[in-house]
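Examination of the molecular architecture
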Amino acid sequence: MINPSDFCVANKIINGKQCTIVWHVDDLKVSHVDPALATTIRNLLDGKYGQEIAGGKRAPLTITQGTVHDYLGMTLDYSEEGAVKIDMCDYI
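Structure report, in brief. Model, not experiment: these values are computed from the prediction. (Residues numbered from 1 in each chain as written. Predicted model: local features only at pLDDT ≥ 70, side-chain atom pairs only at ≥ 80, totals over all residues. Heavy atoms only, no water.)

Here we come to the overall build of the protein. Summing up its helical and strand segments, the protein has one helix and nine strands in all. A principal-axis box enclosing the C-alpha atoms of the protein has dimensions of 45 × 40 × 25 Å. Among the 92 residues that make up the protein, the fraction classed as buried is 23%. Counted over contacts in the protein with a minimum sequence separation of 6, partners at least 24 positions apart contribute 13%. Total accessible area computed for the protein in this model is approximately 7100 Å², and 57% of it derives from carbon and sulfur atoms. In the protein, the 8 positive side-chain charges and the 12 negative ones have mean positions that sit 10 Å from each other. (Helix = DSSP H or I, 4+ residues; strand = E, 2+ residues; numbered from the N terminus. Buried < 20%, exposed > 50% of the residue type's maximum accessible area, 1.4 Å probe, protein only. Contact = heavy atoms within 4.5 Å. Areas by Shrake-Rupley, 256 points an atom, 1.4 Å probe, with all protein chains shown as cover. Lys, Arg positive; Asp, Glu negative; His and termini not counted. Charge placed at Lys NZ, Arg CZ, Asp CG, Glu CD.)

Right under this line is the structure:
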C-alpha cells in the first residue's frame, strides 16, 4: 500500500511483519525482518527495473546488505536492535 503522506513509500505486511520499500529517483531501499524476503523483492525489482545500456548489455541494480547504509546523503545505522541512528555529518 502506497503511503498517502509520501508517495515514494510503500508498506505491506508479509509473513506477519512489515515490509517497506522507499524510492527516490535512482535510490531504492527495501526493509524486512527476513533478509531472504528482502533479497527476493530486490531480485524481482532488479528483473523489472535493472537498466539496459548501449550494446544490449544489462546493468543490474547495485545492492548492498547489512546494518549500515548510505541513502540520500544519510548514513542509516540499524546495528542497535529496536533503533535506527541517522547521521548526516559528512554533508555538513
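Let's pick the thread back up.
Attention shifts here to the side chain of Lys-29. Here Lys-29 is to be found in strand S4 (residues 27-31). Although Lys-29 lies buried, it forms no salt bridge, and the closest oppositely charged side chain, Asp-77, sits 12 Å away as judged by the N-O distance. At 3.0 Å, the side chain of Lys-29 and the side chain of Tyr-78 are in polar contact. What Lys-29 contacts, discounting residues up to four positions off in sequence, is Thr-20, Ile-21, Val-22, Tyr-71, Leu-76 and Tyr-78. (Salt bridge = Lys/Arg side-chain N within 4 Å of Asp/Glu carboxyl O. Polar contact = N/O pair within 3.5 Å; in protein donor to acceptor, adjacent residues only side chain to side chain.)

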